[in-house]
Amino acid sequence: MIDKRNIVIKIGSALLANQDLLTPRFGFLQRLMEDVTRLRAEGHDVILCSSGSVALGLRIVGETPETAGVSDKQAAAACGMPLLLNAYKQVGHEFGLEIAQVLLTLDDFEDHRRFLNTRNTVHRLLEAGVIPIINENDSITTEEIRVGDNDRLAAKVAQMIGAKDLIILTGVDGLYDRNPDDPDARFVPEVDDVSEYMAATQGKSTLGTGGMATKLQAANMAQEAGCTTWIAQGEADRPLSSVLSGERRATRIIANPNPRSGWDSWITNRLQMAGSLCVSNAVADALDGGARSVRREDVISMDGDFTRGDVLHIYDGKGIERARGLSDFTSEEIRVLTNNPDTAAEQLLGYRTRGEIIRSANLVPLDTRHLLWDAPEAIA
Ligand code: GLU
């Protein structure tokens, strides 16, 4: 008997839509929902992050995966979403499962208030015994404000609800140490440090938007939050339980045994960069202890147009990312503070403030396992 826990399952588009006809693959859905029923009977809560709306809607808007542009895909998602949910509903009905649709956008993860709101909704659905089926609201999101791939979206959901397992079902059986077409490629059954494999993961799927790189990024976010990620081929009889029981091949990216708190992992697991600061190497070293704030005199350069409460990425003098933290000021205020170093903050801003750009309580040094983001050109 497996321990009872929350399990998030990400299902790639190629499993849900026929490659040629772009219609729902009911056979797969049946195997999936049957196994979901099995996991629920063992006491687990199951949350699905399902792709497939764009693929299923493409024919209706007269496009193919090869020809569709951004607005075609946005329209296709609107057409495909009811088809996708209807397919889940029909198959779920056979197994006595109730399903619900939750469509999210980037801000539902990046804005902490919205994050908590979404979390409450998902918890309420689980409490009612309903299976949340989560996807990005592709029809209303443009390139700049979208998550873009459901791998990372699923990892954020896993973090949000404190899941212990994230199963990414896809068209390949897991991670290889190089391009799987290479005859010397070796299967990787277990990963601790994701960064060791990032270089080996170029390439993208044709129907979905992710690839192995976004899966590893997702796994990195999940592991920090104490969740184990499994990357596995979806075409199997018991696609989920056979992975969890170790009966079939899958790559397991192991959870950090000392996960970060919910607040710290919300700060460090970003989907987009709102802004960044460069500080000296000495200041960056001092931040490592987690007890020092970023002060106005520490800022060497800054990038981005952000607001109070946005998460900033902190780089050292060598352009290496060292910490992430919540800004106490808008980018405009920081510009005023740093351009006038000799004038009191209160005088410059018109309100009482200690002038700390990021307070130590809102600053999280990145540990060695965290995937670092490249510095934007403006501050590199
Ligand atoms: N949200 C997209 C869809 O429903 C899929 C994104 C992805 O493949 O990761 O089609």
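Residues numbered from 1 in each chain as written. Predicted model: local features only at pLDDT ≥ 70, side-chain atom pairs only at ≥ 80, totals over all residues. Heavy atoms only, no water.

Engineer: When you look at the sheet that holds strand 5 (residues 165–170) in this model, what are you seeing that I'm missing?
Structural biologist: Through backbone hydrogen bonds, the strands of a sheet pair up, either in parallel or in antiparallel fashion. Sheet architecture is open: eight strands sit in the order 3-4-2-1-5-9-10-8, paired in mixed fashion. Looking along the sheet, the strands with just one partner apiece sit at the ends: strand 3 (99–104) and strand 8 (190–191). The pairing of strand 2 (residues 45–50) with strand 4 (residues 131–136) spans two bridges and is parallel. Its bridge partner being in strand 4, Cys49 is matched across the sheet by Ile134. Packing against the sheet, helix 8 (residues 212–224) makes contact with strand 1 (6–11), strand 5, strand 9 (228–233) and strand 10 (251–253), and its axis sits at approximately 155° to strand 9. (Pairing = 2+ DSSP bridges. Helix = DSSP H or I, 4+ residues; strand = E, 2+ residues; numbered from the N terminus. Contact = heavy atoms within 4.5 Å. Axes fitted to C-alpha atoms, helices over the stretch in contact; angles between N-to-C directions.)

Engineer: For this particular structure, what's the right way to read unusual backbone geometry?
Structural biologist: Keep in mind that most residues, glycine aside, have a negative phi and that most peptide bonds are trans. Even without glycine at this site, Leu22 takes up a positive phi of about 55°. Along the chain, the position of Leu22 falls in the loop between helix 1 (13–16) and helix 2 (26–41).

Engineer: Just checking my understanding: could you explain helix 4 (residues 70–94) for this structure?
Structural biologist: Residues three or four positions apart in an α-helix share a direction because the helix packs 3.6 residues into each turn. Given a rise of 1.5 Å per residue, 25 residues ought to cover 36 Å, and the 36 Å separating the end C-alpha atoms of helix 4 matches this to within 8%. When the local axis directions of helix 4 are compared, the greatest deviation, roughly 35°, occurs at Gly80, which is followed within four positions by the proline Pro82. Listed as buried for helix 4 are Gln74, Ala76, Ala77, Gly80, Met81, Leu84, Leu85, Ala87, Tyr88, Val91 and Gly92. (Expected span 1.5 Å × (residues − 1). Bend = angle between axes of the 7 residues up to and from the residue. Buried < 20%, exposed > 50% of the residue type's maximum accessible area, 1.4 Å probe, protein only.)

Engineer: How should I be thinking about the packing of helix 6 (residues 112–127) against helix 7 (residues 150–160) in this particular structure?
Structural biologist: Packed helix pairs are characterised by how far apart their axes lie and by the angle those axes make with each other. At a minimum axis separation of 10 Å, helix 6 and helix 7 run at an interaxial angle of 75°. Here helix 6 is positioned roughly perpendicular relative to helix 7, judged by the angle of their axes. Between helix 6 and helix 7, the residues in contact are Phe115, Thr118 and Arg119 and Lys156, Gln159 and Met160, respectively. For the contact of helix 6 with helix 7, a count of residues per class yields two nonpolar, two polar and two charged. (Parallel < 35°, antiparallel > 145°, perpendicular 65-115°, else oblique. Nonpolar A, V, L, I, M, F, W, Y, C, P; charged D, E, K, R; others polar.)

Engineer: Sorry, what's going on with the nonpolar core here?
Structural biologist: Nonpolar side chains in soluble globular proteins tend to end up buried together. Membership of the largest hydrophobic core comes to 35 residues, with the highest contact counts inside it found for Val8, Ile47, Phe109, Ile134 and Leu166. Mapped by element, the contributors of at least two residues to this core are strand 2, strand 3, helix 6, helix 7, strand 5, helix 8 and helix 10 (262–268). A total of six residues in this core trace back to one element, the largest contributor, which is helix 7. Val8 has contacts with Ile47, Cys49, Ala154, Val157, Ala158, Ile161, Ala163, Asp165, Leu166 and Ile167, leaving out every residue within four places of it along the chain. One finds Ala87, Tyr88, Val91 and Ala250 within the second-largest nonpolar core, a separate group that totals 34 residues. (Core = buried A, V, L, I, M, F, W, Y, C linked by side-chain atoms within 4.5 Å.)

Engineer: Explanation requested: the packing of aromatic side chains in the structure shown.
Structural biologist: Aromatic ring pairs are defined here through the distance separating the ring centres and the angle between the ring planes. Under the defined criterion, the tally for this structure stands at two aromatic pairs. With centroids separated by 5.3 Å and ring planes inclined at 75°, the aromatic side chains of Tyr176 and Phe187 adopt a geometry described as edge-to-face. Pair noted here: Tyr176 is in strand 6 (residues 175–176) and Phe187 is in strand 7 (residues 187–188), with a separation of eleven residues, a long-range link. Residue Tyr176 shares its accessibility class with Phe187, and that shared class is buried. (Phe/Tyr/Trp six-rings, centres within 6.5 Å; stacked < 30°, edge-to-face > 60°.)

Everything listed here is a matter of geometry and, on its own, says nothing about what the molecule does.
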